[in-house]
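# Observations on the three-dimensional arrangement
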Amino acid sequence: MTARRANKRIRLLVAVFAGVFALALARAGWLQAARGTIYDRTGVELAIGERATTVYANPKQIRDPRAVASAAARTLGIEGEPLVAELADRSRGFVYVKRKADPERAEALQRMGIRGLGFYPEERRRYPQQAIAAEVVGFAGVDNRGLAGVELGLDRQLAGAEGEKTVIRDPFGQALQVVESKPPREGRDVYLTVDHSLQAHVERVLRDTVSTWDAESATAVVMDAASGAILAMGVEPGFDANRFPSVPRDLQRNRAVTDTYEPGSTFKVVTITAALETGLVSPSTPFTLRYQIRVADRVIHDAEPRGTERMTVSEILSRSSNVGIVTLALWLGKERLSGWTERFGFGQPTGVDYPGETRGIVLPPERWSGSTIGNVPIGQGIAVTPLQMAAAYAAIANDGVAVQPHLVDRLEGDPPPAPHRRRVMSAETARQVREMLEDVVEEGSGVEAQVPGYRIAGKTGTAAKPEPTGGYSKSRYVASFVGFTPGEPRLVTLVAVDEPKGAIWGGVVAAPAFAEIARFALQYFGIGPDERFAPASP
C-alpha cells in the first residue's frame with residue numbers, strides 16, 4: 001500500500017468517525033411561537049411580546065470564568081460574582097448567563113467574540129399599561145406560559161404551538177445542518193371587553209377612596225347589563241404586571257372574582273324581588289313595623305332607633321329596614337327564600353371566563369338554624385363575590401334577564417361568543433324593583449350616589465365582618481354600594497371598600513365612589529341626561 005493510498009484511507013476513516021460523532025450530537029430544538037397580544041375593547045395593547053436574547057454558556061469551553069463573568073455583568077447589568085462559580089464548574093455543559101436579556105446589550109456582548117458563550121432569540125412578555133387592569137390581564141412567566149389572569153385562562157390560545165428542528169453539530173458545537181423542521185404556529189390575539197380609559201378612571205377612584213378612608217382595599221366592577229360585558233374590574237392596592245415576581249401574592253389576585261364578603265343590605269333586593277314575584281305583596285303594601293323583631297334566639301333591629309311605624313314595601317327598601325325585610329322573609333319561608341337566593345346566582349360560579357372564580361358560601365335550607373331566616377335576608381351568614389352581586393343587580397337592570405358576565409370579547413379569527421341568558425324575574429317585577437332602587441338614591445340611604453341630571457338606582461350595604469372565633473366585629477366592616485345608570489348601555493357598578501376607618505356606612509364611603517365612576521362613564525359613553533331632568537321647552 002502506498003503512502004498516498006494509506007493517507008486517503010485514514011482521511012476516510014476520520015470522516016466516517018466525525019460523521020458518526022456529529023450524528024451523535026444531533027439535537028432537537030424547539031422553535032418558540034410568538035405569544036398573542038391582549039387588547040382592550042378599543043384596541044389598546046394590554047400585553048405584548050417583544051424581542052429578547054437569551055445568553056448561555058458552556059463552562060467546558062470557558063477559559064477564564066472570572067473575566068467572562070465580569071464582561072457579562074458589565075454588559076448585561078447582572079451580578080458577576082454568582083456567575084463565576086457556575087462558569088468554573090466544568091462538570092456542566094450548559095448554564096444560563098441571562099434569560100431574555102435586552103437584545104442590544106446581548107448583541108454588544110456577542111460582538112466581543114468570547115469563546116463558550118452562546119446566544120439565541122426569545123420573546124419576553126411586557127405590559128405597556130403597567131398597573132392598569134393588571135389583576136384582569138395577569139402575567140406570563142419566563143417561559144412565556146400564563147401564570148395568572150387572562151394570560152393563564154387563555155394560555156393555550158395565546159401561546160400557539162412550538163415548532164421543531166433537528167440540528168446536527170460538530171464536536172465543537174458548530175451547527176452543520178438542519179435535517180428536519182416544523183414551523184411554529186403563532187399564538188392568537190385576544191380582545192377583552194375591558195375599556196382602558198374607564199378602567200384607569202375606576203382604579204384612580206379606588207386609590208382615592210382607599211386613601212381617604214385608610215381602608216385595607218377596595219374593589220369595583222362595571223358591566224353592561226344587557227350584554228354581560230365587563231367594562232372595568234379594578235382592585236386597589238394594585239400592582240405593576242411587569243414586576244410580578246417581586247409583588248406579594250396577596251396583591252396579585254383579582255378580588256372581584258376570588259374573594260367573598262358578607263353583602264349586608266345590598267342583598268335585600270333578593271327578598272324584595274321574591275315577595276313581589278310570588279305575589280305576596282306589591283310595592284305599596286303597608287306593614288306596621290316595630291323597631292325590633294325576634295327570630296328564634298336572635299333579636300334584630302333597624303340601624304337607627306325609631307318608634308313603631310307604618311311602611312310600604314317600597315319604603316322598607318328605601319329606608320333599608322331590617323325588621324321590614326325579615327318580616328317579608330318570614331312570609332316567604334326558608335324554602336322559597338333559599339330558592340330565590342339560588343335563582344339570583346348566589347352560591348354558584350357566574351361562569352365568567354376567568355380562572356379561579358369562587359362560588360361563595362350559601363347554606364342549603366336543611367342546614368339553616370332557627371335564626372338563619374333572620375340573618376340571610378339582611379345579608380348576613382352568606383358570602384358572595386363582588387362579581388356575583390354586580391351580576392344580580394344586572395338582572396334587575398336588564399328587565400329581569402341575567403346575562404353571563406364575560407371579560408373576553410373575542411379571539412382573533414372567531415366571532416364573539418353568545419353569552420348565556422336566563423330569566424330571573426318578570427319584566428314587571430324588575431321595573432318595580434328598579435323604581436324602588438331609584439327611591440333609595442333619590443331620598444334614602446344612597447343620596448351620595450346621585451349624579452345630577454340622571455335617575456340613578458342602587459342600594460347601600462354596611463356589613464360587619466365575621467370574627468374567626470364567632471360573632472361579628474365591632475370595628476371591621478365592608479362598606480358597599482351597587483347600582484346602575486339609565487340609558488344605553490345600562491351600566492351596573494359595584495364598589496366595595498374593605499375596613500374603612502372614620503366611617504363605615506356604604507352610603508358615606510362607597511356611594512360617592514360609585515357616583516364618580518358613574519359620572520365619568522355616562523359622559524364617556526355619551527349617555528345624555530334623563531328626560532325627566534331636562535329643562536322644559538319654552
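Please read all numbers here as calculations on a predicted model, not as lab measurements. (Residues numbered from 1 in each chain as written. Predicted model: local features only at pLDDT ≥ 70, side-chain atom pairs only at ≥ 80, totals over all residues. Heavy atoms only, no water.)

A separate point is the overall build of the protein chain. Check the secondary structure of the protein chain and you find 19 helices and 22 strands. Sorting the 538 residues of the protein chain into buried and exposed places 52% on the buried side. Looking at the protein chain alone, contacts between residues at least 24 apart form 71% of all its contacts between residues at least 6 apart. A total of about 25,000 Å² of accessible surface is found on the protein chain, and carbon and sulfur atoms cover 51% of it. (Helix = DSSP H or I, 4+ residues; strand = E, 2+ residues; numbered from the N terminus. Buried < 20%, exposed > 50% of the residue type's maximum accessible area, 1.4 Å probe, protein only. Contact = heavy atoms within 4.5 Å. Areas by Shrake-Rupley, 256 points an atom, 1.4 Å probe, with all protein chains shown as cover.)

As a further point, take the environment of Ala 69. On the secondary structure map, Ala 69 appears in helix H2 (residues 65-76). Sequence-wise, Ala 69 and Ala 85 are 16 residues apart; in three dimensions their C-alpha atoms are separated by 9.3 Å. Excluding residues that lie within four positions of it along the chain, Ala 69 makes contacts with Gly 80, Leu 83, Val 84 and Leu 87.

All right, on to the packing of H2 against helix H3 (residues 81-88) then. The geometry of H2 relative to H3 is characterised by a closest axis approach of 8 Å and an angle of 135° between their N-to-C directions. Between H2 and H3, the crossing angle belongs to the class labelled oblique. You can see that H2 and H3 cross each other, and the crossing is right-handed. Contacts from Pro 65, Arg 66, Val 68, Ala 69 and Ala 72 of H2 reach H3 at Glu 81, Leu 83, Val 84, Leu 87 and Ala 88. Among the residues forming the contact of H2 with H3, the class breakdown is 8 nonpolar, no polar and 2 charged. (Axes fitted to C-alpha atoms, helices over the stretch in contact; angles between N-to-C directions. Parallel < 35°, antiparallel > 145°, perpendicular 65-115°, else oblique. Left-handed = near helix turned anticlockwise from the far one by under 90°. Nonpolar A, V, L, I, M, F, W, Y, C, P; charged D, E, K, R; others polar.)

This part takes up the sheet that holds strand S12 (residues 230-236). Strand order in this open sheet of 5 strands is S12-S11-S22-S21-S20, and the pairing throughout is antiparallel. Across the chains shown, the open sheet's two edge strands, defined by having one partner strand only, are S12 and strand S20 (457-466). For this sheet the average axis-to-axis angle between neighbouring strands, irrespective of direction, equals 10°. The pairing of strand S11 (residues 217-224) with S12 spans 6 bridges and is classified as antiparallel. Across the sheet, Ala 218 pairs through a bridge with Glu 236, a residue of S12. Against the sheet, helix H8 (residues 196-213) touches S11, S12 and strand S22 (491-498), its axis set at about 30° to S12. (Pairing = 2+ DSSP bridges.)

Before going further, it helps to examine helix H17 (residues 427-443). Two residues of an α-helix separated by three or four positions point the same way, owing to the 3.6 residues in each turn. With 17 residues, H17 should reach 24 Å at 1.5 Å per residue; the first-to-last C-alpha distance of 24 Å fits that figure. Where H17 is buried, its residues touch helix H11 (268-277), helix H12 (313-318), helix H16 (386-397), S20 and strand S21 (472-484). (Expected span 1.5 Å × (residues − 1).)

Let us now look at the environment of Pro 500. Position of Pro 500 among the secondary structure elements: in the loop between S22 and helix H18 (506-509). Look at Pro 500 and you get buried, because its relative accessible area is 3%. Pro 500 sits 21 residues away from Ala 479 along the chain, and the two C-alpha atoms are 7.4 Å apart. Filtering out sequence-adjacent residues up to four positions away, Pro 500 remains in contact with Trp 213, Ala 215, Tyr 477, Ala 479 and Val 509.

With 91 residues, the main nonpolar core has Leu 192, Met 233, Ile 272, Phe 344, Met 389, Leu 437 and Val 492 as its most contacted residues. Residue contributions to this core peak at 9 residues, all from H16. Beyond its immediate chain neighbours, meaning those up to four positions away, Ile 272 contacts Val 313, Leu 317, Ile 325, Leu 328, Val 433 and Met 436. Grouped together as the second largest cluster of nonpolar side chains are 35 residues, Ala 229, Val 451, Ala 503 and Ala 515 included. (Core = buried A, V, L, I, M, F, W, Y, C linked by side-chain atoms within 4.5 Å.)

Residue Pro 237 follows Glu 236 across a cis peptide bond; omega there is 0°. Position of Pro 237 among the secondary structure elements: in the loop between S12 and helix H9 (249-252). At Lys 100, a residue that is not glycine, the phi angle is positive and equals roughly 55°. Within the element layout of this structure, Lys 100 appears in strand S4 (residues 95-101). Of note in the backbone geometry, Gln 130 takes a positive phi value of approximately 55° without being a glycine. Residue position: Gln 130 is located in the loop between strand S5 (117-126) and helix H5 (134-137). The partly exposed category is assigned to Gln 130, whose relative accessible area is 47%.

Of all residues in the protein chain, 89% have pLDDT values of 70 or greater, and the mean over the chain is 88. Note that pLDDT drops below 50 for residues 14-30; the model gives that stretch 24 contacts with residues more than four away or on any other chain. This model gives residues 534-538 a pLDDT under 50, and the stretch forms 0 contacts once residues within four places in sequence are excluded. (pLDDT = per-residue confidence, 0-100.)

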